[in-house]
Structure formats: C-alpha cells, structure tokens
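Summary of structural features
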Amino acid sequence: MSKKMHIQMTVNGEEQEFLAEPRELLIHTLRERLNITGPHIGCETSHCGACTVTINGKSVKSCTMFVAQANGAEVTTIEGLGNPDSLHVLQEAFKEHHGLQCGFCTPGMITRASKLLEENPTPSEEEVRFGMAGNICRCTGYQNIVKSILAAAEELNSAKEAAQ
Amino acid sequence: MIPAAFEYHRPKDMEGVLAVLKEHGDDARVLAGGHSLIPMMKLRMADVPHLIDLQDVETLRGICMDAGTVHIGAMVTQAEIIANDQLAQAAPIMREASLQIADPQVRYMGTVGGNVANGDPGNDMPGLMQCLDATFTLVGEEGERTVKAREFYEAAYMTARDDEEVLTSVSFAAPKGGSAYEKQKRKIGDYATAAAAVILEKSGGTCSAASIAMTNLSDTPIWSEAAGAALIGTAVDAAAIKAAVAAMLGDIDPAEDNRGPIEFKRHAAGVILSRAIARAWDRA
Amino acid sequence: MKDEVTREERVDALGGMGCKRKRVEDARFTQGKGNYVDDIKLPGMLFGDFVRSPYAHARIKSIDASAALALDGVIAVLTADDLRPLGLHWMPTLAGDKQMVLADGKVLFQGQEVAYVVAKDRYIAADAVELVEVEYEDLPVLVDPFEAMKSDVVLREDLVGEDGSLPDGAHGPRKHHNHIFTWEAGEKEATKQVIDNADVVATETMYYHRTHPCPLETCGCVASMDKVNGKLTLWGTFQAPHAIRTVVSLISGIEEHNIRVISPDIGGGFGNKVGAYPGYVCSVVASIVTGVPVKWVEDRMENLMTTAFARDYWMTGKISATKDGKITGLDCHVTADHGGFDACADPTKFPAGFMNICTGSYDIPTAYLAVDGVYTNKAPGGVSYRCSFRVTEAVYFIERMIEVLAIELDMDAAELRRINFIRKDQFPYKAALGWEYDSGDYHTAWDKALKAVDYDGLRAEQAQRVEDFKAGKTRKLMGIGLTHFTEIVGAGPVKNCDILGLGMFDSCEIRIHPTGSAIARLGTISQGQGHATTFAQILATEIGLPADSITIEEGDTDTAPYGLGTYGSRSTPVAGAATAMAGRKIRAKAQMIAAYLLEVHDDDVEFDVDRFVVKGAPEKFKTMKEIAFAAYNQAIPGIEPGLEAVSYYDPPNMTYPFGAYVCVMDIDVDTGEVDIRRFYALDDCGTRINPMIIEGQVHGGLTEALAVALGQEIAYDDMGNVKTGTLMDFFLPTAWEVPNYETDHTVTPSPHHPIGAKGVGESPHVGGVPCFSNAVNDAFRAFGLRHTHMPHDHWRIWKTANQLGLHG
C-alpha cells in the first residue's frame, strides 16, 4: 500500500473529497467509494468501454485511469445524464428502439453516445458506427444501438429547431 | 487486474519532472495518456514505484506551425490532432493516421509523446514520424537535445531516450506532395497487421521525392530509404511500385503472432504498401 | 354517452402476445440502476482472489503463503489442504466427472485455481496473490486430443487404478487413460453399408475451434453466511440459480432450505454462467470460515482462460447420395477436446449434448454418430455458447457436409438442400439419430429466402466476378453463404433430460392481486432476453390482465418456484409453457367465479380477451379485474378465496425452430479481409411473442456468429499457454465490423407447446456460424476449395487463397 492522497473531484455536479491510494482505478472510485454503479467493468484493458464516463469533456475509459489522474476533474456518469423525471433523449431512444438487452454495456454506451452527439449533432450511420467503436456490446449486434443514436440525434435536432 | 502500489507525482513544469526523475532514476516513469502503461501496470508486467503524471505541464501541450514547420507538444492527444484543421491542412497524413489508432475514447487520452516515446513497435506514430523525417526533442538534466525519428528506435521498447530524459515535442516540416496512411488490422482497437506511411512528391509526372515507413513489421518502425529510392525518377507505375515493395520487404523482419505467420505478414506488407503508394501518388 | 371500446382496442390494451411491447427492464438499465453482482455491497464484505497456475501441466511441490498472510488486511489463504477436511477440495462437475476446486497436488491447465486469498479489499487481495509462492515441477503438456489419446502421459491419475486399470467413467468404458467416453447414436453397420454402396460419397474433416461465450460481465458471486440463523445467501451470475442451490447443498451439507441463491441482473450469459466454478465454492467456504460476506469477481483474463470454453470439436463426416443428389446416409465421428476435467454442461444422458441433431433439416434415412471425449491440458468447460447443447457443432457439421457433397455432385448447394429437406407432410418426423421433429415447413422458408435475395441473380453476379478475377480485373471474390438449420431446444422432457439428476422441467407461479394486477415468478432467469417483458405478454393474453399490470420475478430461490434456469433456448419452450399453463389454471378458476357472479352455469360463460361473457349475451360480462376483486372479497360457495396458480411443466418433446439464412460477402484475396455485403435471416420460431425482441435476439446471435466464424478463438501454444487472453486478441466485433441484417420470418407453431412457441435466442448463432463460414468457402469453390477451417480471420483466408495459387 502506498501513501493515501487527498482527492477532490466533481462527480455529476457534486463535489467529492476523500483520501485514496493513487493507484485506485477511477472505475473503482466511482463504483466502490461513491456508490455510482452505472459504469461497469467489462474487459479491464480499455477495449470494451463499459466503464466509459465523461471527464473534463472527454469520453474516457475509467478502468484505465488512476484516481490520482482525475484529481480536480469534472466527471459525468450515466447517473448524471438524466433522472427518472427527465430522461436524457438517448435514454429514451435506447428504450424506444430496443437498443439494449442485458444492460451491462448500456451506461457506457449512452455516456459515449452523448459525447458523440455533442461533437457531431448530425452523424451519418457510418459516423455513429465509427464513433461508437470503443464500446462493445455482446447482445444487440449494434443495429438497434445505431438506430437509437440516430433517432436521438434527430430528436435533439428537431428540439433545437423548435427552440429557435 | 489491479496495479501494484506506487507514489504519484504531478509536477507543474519540466523542472519538477526532471527533479523526480533524477531522484528516483529507474524507479520513475512518466505517464502521458496512460493507455499503454496503465494496462501493463494492471497486468503487473510493468513495475513503476514512482509515476510522474505529465498532465499539468503546460509546455508539453499545443500544436503550432511556423515557417512550414509543425511543432506538436508531447501531451497533444490523437483527438486533438484529428480536430486540428490547420494541421490537417499542413500534414493531412497526421489526421488520416490518427483516425486509425485505437478507438474514440483511447484517442482522447492517447498522446503523440506517449505513442512515439515508449518504443512499442505496434504504435502507429513512430513509423509516421520516420516517414515525416520528424525530429524529437528530449529534455534531461543536461538540457535539451534533439534526435531524428529515424535514429530514435533501437529495438522493441528500446530508444535513444535516456531513462532520465523526457520527450517533450516532435517537429517536422509540413510535407509536400501527396501522402497516405494505410493500415490493415483485425478490428478497431487493434495494432497493425501491417501499416504504411507514404509521402510522395510529383514533378512533371515523375516522382521527385519519396519517403516510406512501415509499422509493426519489425521490432522497430522501418523507414526504407531503398523503397523510396525505387520510386524516385519513375512514374510510379506498377513496376516501380513492385520495386519499392521488394526493397521494403528486404528491410522488414516481421514476427509471427496472433495476426498471422511471417509469410502472411510479408504478403500483407506488400499489399498495404502498394495501396499506400498508389493513393499517395494519386494525391501528389 | 357511449362507451364503445372495440374488441380490437381491448386486445391492444392488454399488450399481449404478438405486439412489439417496449421492455420494462430498460428504465433501470438506461439509468445505470441495474443491480449486477459486482454492484452488491454488504457491511464488512471481504474479497477473494485466486493464485493461478502459470503452467498447463505441473506438479505442485509446495505453497508458501506466509508472506501473503503477513500483509496487512489479508484474512486467509486457502489451499486444497484447507478444503480437504471439508471434502471440498474437489467438486462434482455437471458432466459426472469431478474437478479440483483448488489444485490438489497438480495442475492440469494454465490459469487453474491454486490458492484462494481472502482480504479486506480487492487491492490487498491482488497484492497478496503476488506474494504467495508456489513451487512447480513442470510436466509434459498435451494440447492435442489425438496426441493425448496416444500419449503415455497420464493427465488424470485419479481416474486410473493403482494397477493401471481404467475404471469406467460416468458414460461407460474408457479406451485410454486420457479418454473420457464414447457416445454413439444411430446404426453403425447399416450406415456403413449404405455409404459403402452409394453412388457418391463426400468425406471431410472439419475443426470447430475452441472459443468462449465471453459475456460482457464476467462470472462472480457474493457469499454471505449468517451464522446466527444458519442461513447461507449466495448472490451470483447464475443461469440456473435453483440448480446451484441444490449443488451447493449437496456438496456443503447445508440443508437446501437454509440456502438462498439469488441471481440479480446478469450482464449476458451465453452459456458461460451455467456451470459451478471453484470461485463459488471458495467464496462460500471463506464466508463460512470468516462469518462475513465474501465477494469474488473474475477479471477478463480469468474469464477467458478458466471458466467455460465452448466447442473444440474435430468432426469427420461421410455423406452419401444417389447420382441425382438424394442423400442416403451420414456418418459422423467427433473427437471432443474437453480439457483437464469434463465439466461440460449437458443433460446427463447426453455427454455430447444433442450432437445427434446432426442430420439437420434433411430426410436422411440412415445415420451413425460416435463421439469420443478426451482429456487435454486445456481449461474445462464445453458449454453451449448461445446454443442448445452442442447444436452449433451439429448444424455447422451438416451444413458444411451439404456444401462438400454439392461440390462432389457438381450441383448447386441450394438445390441440393431443397431436394433433401424433410417435407412439411412428414412432420412429426422421426430422424435417423432418434429425435422426433415437431413441425416444420422448410421448403416455404427456403424459397422465400432465395427469392428475397434474388439467389439466381447473385449466382450470376458471382460467376461474372470469377471471370473478372481470372481476367485480372478484380482481386475480390464473392461468396454466397447458405444455411438451412434446424435446432433442437427446450430441454427437456424429464424422461430423458436431467442435469445431475435434476429433471429439466420448469415452472411458473402466479398470484393475482385483488385490484387486478399480478406477480408471476418463474424458475428461469433473464440475462438480457427480456423475460419480464415477454412472459408478462404471454400471461396478458392468457389471463386478460394488461401486461403492464403484471410483474415478472425470477432468480430468487426463496421466492421463485424450482426450475432449471435459462440456457439452451429453454425459457420460452419450457417456462413459457408453464406460464401459459398456470395462466390457464387462473382462468379456469376465474370462469367459475364469473359464472357465479353472472348467475349462470360455468359452461355458459366464455373467455373473451379480458373478460368472461355470457355465451350469446356479450353485454353480460365480468372483467378479469372484477373477477380478481371478487376472488378475494366475496364469499363464493364452494370456491376458496384467492386467485393463484402454479404449474410445473414437463415438456412432451423438444421444440425444433428452424431458419433459412443467406450471406453475401466480398473477400480480398490479398489481405484476407472480408466485407459482409448482405445478410438475410429468416427465422421460424413458431408463435412470435414479441417481434421487437425476436429481431433483437437475431441481430445479437448473428453478431456472435460473425465473431466465431471470422476470428474469435481461444488458442493455445504447444506449452498450453493461452494466446488469446484479453480483448486485444479475443475477437469481439465492434459496431464498425458488424453489418446491418435483414430479418424475416415464417410461422410454423409447435404442435405440442401450449402457445406454439419454439424459442429463438440461439437460432441466429446456430445458423449464423455455418452461413458465414459457407460464404467464405463458397467464394473459393470455383478455384477448387472443398473446405477450410474456421476461424476465417485474415491470415487463414489469405493462406487458403495462397494454397489455391491465387497470389500468382
């Protein structure tokens, strides 16, 4: 065990402060320490994306980041995207288009998709497939995930148009 | 997969980085994006008692261009390279290659410095840097020095960088002519089965300059002077491409792995290189 | 005022069978509120972690845990010596063999469990694992089953008598010390005669490589022994929670009523989570010893290296036919590599699963199958990865043999299939290897599929492509993959299907609440299939209450009725049937209540969507909601209060879903890269409960098929080292590598199933693998290829092209 360090981070808008070993993986910080269990552990070698969260505006695989690296960071997980009274458009779209089955990849998938749509609000199917290639799903074959994301993009854009 | 304990350092500047390196020598390693090093630490295949996180060292950031020379800080990520339109204008091969590295999440974290400095023969940037004839800037206790990318790689994970030095930036002249980065891989996130970086200049229908490097086909990237020479002065026709491929095949030394046996890799190398040359020539 | 609700609107309001009901599971999953095993956190919980063998075959000379025990936060280090006094150092496998829980003197595969560290958190446990010193003496390694059958090296000394004799195994006599069983079906002599005297015989040997189900969530558990009350609670990634409870009871001696097994949300199973693994046993022991909860969750490498491989069958076939292509006989011999322990998850009487469905969709009068199971220095397992027991192997075998026979006959493979299909009027059809197919209409499905893809047009395009290739105009070949599969799912009839003596029935228990909502509990467990959605649909139609008012609960052995769980596409065929039958019991009682309330005779009311109506007087009715209230709150002479039912369903037969698939791909002969241009999948799963979910299952199964066919393997080197232990090398495709699929269907209900449903979750995998593989093989048919082994990754495709001389 090494010396614990003082860590401060904002997770889903809430300030968090604690002492942790620097080697603690961010995914464990979220899941074990902060009880934010939406992000999951799938492959542990940064291939599957089940642990995807948004850190300082980037989609990051939290299994491949030490808590020390995230000291001072702003972190958003699936829990920060929407709430039962007001779901994120992507959460609705995944439900509507059967974009999930076992649900294990879903939090990482939706979190990543939210960033993708921020960066590219009108993606083509090909761009969705390329932009989501860091997230593995074993159940759906991706067809309905892609459909969900494209539908969410359309929904967001028509909402934006309506607002203008 | 849980890494062994380590002490964490996050200096604000290069002096701080060098101080930790000096104090701990071999026991210290710098951390850029971490997507090579952290998995190795989790598998306990890399023992790092002191980890120096470079994220706060502002001088390692930024892409700038002056007088036709491109400077990229070591901590610039692949995502930043892809997003930089000016860079894409000056050196389109940088964006083209970066898009073929790993996956979106990894590209937000993966840095130029990490990719070129750790000496992993699977990484894409080293071959690309050799193709661009880039210069690496290393900073150590003794001050700053530069090493050409083509002289930097000695063997797998062995480079000209001393343990107490940090690679701080890469720079290269914006390439002229046409370029292409061609990569065969098994899936998104994989290293190359074979990858080729090609830059060609055209003058009156013939090739006036050529630079060709390949990735993951030896224990270092392979920049083949002979392959380039085989194209210069030709119209880059089938015979010339064949000669360039033959020259490259003389220089590579692939090893068998899950991507296939040596004979396949040599064949794939030839095909990928031919395609890269054809595409670069098309763009020249 | 008019309150005209049409009958159609009443049907729609139920959300019953046949509608694309949105999934009720999705609210929690999309908000990150699923509850998977690793989400469970109990006060004082400890973590377990394994010391594993780096060797594939070695004797253990010593284990020194002193340094690990000295580490702050380490509670215990268990070895076989600690488990021996409890009789838990070995455990029974589902296949009638036994398996070491912790290495007892030797190890038989790389990654085998050697010691179990218990510590305060997973970081300390991981540190402690590094500190346990094990001294090994390496032994000769056998990774090839054919070599193992010839070798003097004895892998399992525990199965050889002191005098060198070979006692029978669980499935009869053994031929060699590394041999496990021989299993036969059909007529050996008659088949030989037919083949010897046939006009045409095609022979081929094919390797169905070792792979792994690799669900995104690995296996794990939390064991919690409450010493005060003597109760053990075990949460785990269990596809068969009730069977796990019984097994835990049998091996631990804790009475079954004192064990509560809970499968919470499961992040995909695909067969990986059927078996019992050393991690479960060690966690239970550790919790009993420490008196506090213990969690164990394997990491991805452990998952790929140790729990539940699939396939690894060497299959040699002979298929005979008349000159005009009518198949006369089929012979199949399998050498099955089971690894160091025989831990296959098959019904007891079927050590090679339902491999004897290998006559496929064809009317083959005479057939013979023999399977030899063999021990090697590889991980144990042999699970059904997204298929019924060994059915992918069987379907791959016959669908490849058909293609090879087509080459032998110089015939079109689609036509060869057509002339050999079992005809619609032959059902129920008794196959040569014993099964009785319940229903099918293969010709209709086949013709629909071929028409949908313009099969003749594709063949013409392919012929042109071959010409262009030969003329040097292209370096890409075109492959047309065909498959017509017949599955055998829904194990199964208790008379011949059991696991460890547990009959493979399943169950449903329904409780209607007074206000007209309900809860139903089943013996199965969803791992993503959407049971909470679809079983409520079955019930909605059966009992006339809205699906949205019905809660489905599974996975808690204290509350759910006993059942054998979810795998082998058995949920709908077995538990789905139990659900319908229990629903009908509810309806039967409701009918009596309705008749009483309507003051008519029981026979004078009839069920209509959501109510009972007086025959001939539809304006006189009682809704099921009203009946439910009356059932609890009105004294009805001769009828006890309440409205509940339970059904244990022992299926009279298996169900036989089928399908017709076509894959069109382009293959770059220089790089070996494959581009799937089109994939058409027609599935006939009988009655369709939820088309949206069926389609999702087909997409997913096809994608797992693509992975297996095109690259996914568990590969070993000669020393028994696993070469594909992480997701860098173990191929799981991303959205980028996967095409869009076209789905289609016909409906041929199962005649013996209460609602006619057959099951679909595994069909696309079973049919998909040979379809992708046939496309690769087909691309090279014009250049003389008969067969090339999977996985068809780049270098193997390149090698095929190279051997055919296509690289100049």
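Report follows, based on the coordinates. The structure presented is a predicted model; accordingly, all values stated were derived computationally and were not measured.

Rules used in this analysis
Residues numbered from 1 in each chain as written. Chains lettered and ligands numbered in written order. Predicted model: local features only at pLDDT ≥ 70, side-chain atom pairs only at ≥ 80, totals over all residues. Heavy atoms only, no water. Buried < 20%, exposed > 50% of the residue type's maximum accessible area, 1.4 Å probe, protein only. Helix = DSSP H or I, 4+ residues; strand = E, 2+ residues; numbered from the N terminus. Contact = heavy atoms within 4.5 Å. Buried area = accessible area lost by both parts, 1.4 Å probe. Salt bridge = Lys/Arg side-chain N within 4 Å of Asp/Glu carboxyl O. Nonpolar A, V, L, I, M, F, W, Y, C, P; charged D, E, K, R; others polar. Pairing = 2+ DSSP bridges. Axes fitted to C-alpha atoms, helices over the stretch in contact; angles between N-to-C directions. Polar contact = N/O pair within 3.5 Å; in protein donor to acceptor, adjacent residues only side chain to side chain. Parallel < 35°, antiparallel > 145°, perpendicular 65-115°, else oblique. Core = buried A, V, L, I, M, F, W, Y, C linked by side-chain atoms within 4.5 Å. Phe/Tyr/Trp six-rings, centres within 6.5 Å; stacked < 30°, edge-to-face > 60°.

**Examining helix α20 (residues 794-803) of chain C**
- Here α20(C) lies mainly inside the structure; seven of its ten residues are buried.
- Restricting attention to buried positions, one finds in α20(C) the residues H794(C), W795(C), R796(C), I797(C), W798(C), T800(C) and A801(C).
- Taken together, the buried residues of α20(C) touch β11 (178-184) and α12 (262-283) of chain B together with β31 (658-668), β32 (674-684) and α19 (763-779) of chain C.

**Looking at the interface of chain C and chain B**
- Listed as interface residues are 26 residues of chain C and, on the opposing side, 24 residues of chain B.
- Buried surface at the junction of chain C and chain B, both sides included, amounts to about 2,200 Å², of which 60% is carbon and sulfur.
- Applying the counting rule to chain C against chain B returns three salt bridges.
- Where R186(B) meets D729(C), a salt bridge forms, and the shortest distance between an N and an O atom there is 2.9 Å.
- Sorting the residues of the side of chain C that touches chain B by element identifies α5 (122-131), α10 (300-306) and α20 of chain C as the ones contributing at least two each.
- Broken down by element, the side of chain C that touches chain B gets its largest block of residues, five residues, from α5(C).
- Among the residues forming the side of chain C that touches chain B, the class breakdown is ten nonpolar, five polar and eleven charged.

**A look at the sheet that holds strand β11 (residues 220-226) of chain C**
Residues and elements named next belong to chain C.
- Strand order in the open sheet formed by seven strands is β3-β7-β1-β14-β11-β12-β13, and the pairing between neighbours is mixed. Either end of the sheet is taken by a strand with one partner, and the two such strands are β3 (74-78) and β13 (259-262). For this sheet the average axis-to-axis angle between neighbouring strands, irrespective of direction, equals 20°.
- Against the sheet, helix α9 (residues 278-290) engages β1 (46-52), β3, β7 (113-119), β11, β12 (231-236) and β14 (294-297), with an angle of about 25° to β11.

**A few points about the interface of chain C and chain A**
- Each side of the interface is counted separately: chain C has 55 residues, and chain A has 51 residues.
- Across the salt bridge formed by D127(C) and R23(A), the nearest N and O atoms sit 2.7 Å from each other.
- Inspection of the region where chain C meets chain A yields 29 residue pairs in polar contact (both at pLDDT 80 or more).
- Counting residues per element, the ones that place at least two in the side of chain C that touches chain A are α2 (26-30), α5 and α18 (691-710) of chain C.

**Some remarks on the packing of α12(B) against α20(C)**
- Relative orientation of the contacting elements α12(B) and α20(C) amounts to 90°, with a least axis distance of 10 Å. With respect to α20(C), the element α12(B) is oriented roughly perpendicular. Contacts between α12(B) and α20(C) pair E263(B), F264(B) and H267(B) from the former with H794(C), W795(C) and W798(C) from the latter.
- For the contact of α12(B) with α20(C), a count of residues per class yields three nonpolar, two polar and one charged.

**Overview of the nonpolar core**
All names here are of chain C.
- Within the largest apolar cluster, 222 residues are counted, with the highest numbers of intra-cluster contacts made by M355 and F780.
- Beyond its immediate stretch of four places on either side in the chain, F780 contacts L477, I667, V669, L785, I797, T800, A801, L804 and L806.
- Formed by 49 residues, the second largest nonpolar core is a distinct cluster that contains A520, A577, A580 and I636.

**Quick notes on the sheet that holds β11(B)**
All names here are of chain B.
- Spatially, β11-β12-β13-β14 is the arrangement adopted by the four strands of the open sheet, whose pairing is antiparallel. Strands at the two margins of the open sheet, each flanked by one partner only, are β11 and β14 (222-223).
- As paired strands, β11 and strand β12 (residues 194-203) are joined by seven bridges and run antiparallel to one another. Paired with E182 across the two strands is A196, which belongs to β12.

**Observations regarding the pairing of strand β16 (residues 327-339) of chain C**
Residue and element names in this part refer to chain C.
- With twelve of 13 residues buried, β16 lies mostly within the body of the structure.
- Taken together, the nine bridges between strand β15 (residues 309-321) and β16 define a ladder with antiparallel strand orientation. Bridging across to β16, S320 finds its partner in G329.
- Here β15 hands over to β16 after five residues, with G325 in that stretch at a positive phi of 95°.

**Considering the packing of aromatic side chains**
- Counted according to the given criterion, the structure contains 40 aromatic pairs over all chains.
- On the basis of an interplanar angle of 65° and a centroid distance of 4.7 Å, the ring pair of F66(A) and F6(B) is categorised as edge-to-face. Taken together, the positions of F66(A) in the loop between β4 (58-61) and β5 (74-76) and F6(B) in the segment before β1 (7-9) put the pair across two chains. Exposure class is identical for F66(A) and F6(B). Each is buried.
- Taking the centre distance of 5.0 Å and the plane angle of 85° together, the rings of F136(B) and F152(B) count as edge-to-face. Note that F136(B) is positioned in strand β6 (residues 135-140) and F152(B) in helix α9 (residues 149-152), a separation of 16 residues in sequence.
- With a relative accessible area of 0%, F136(B) lands in the buried category.

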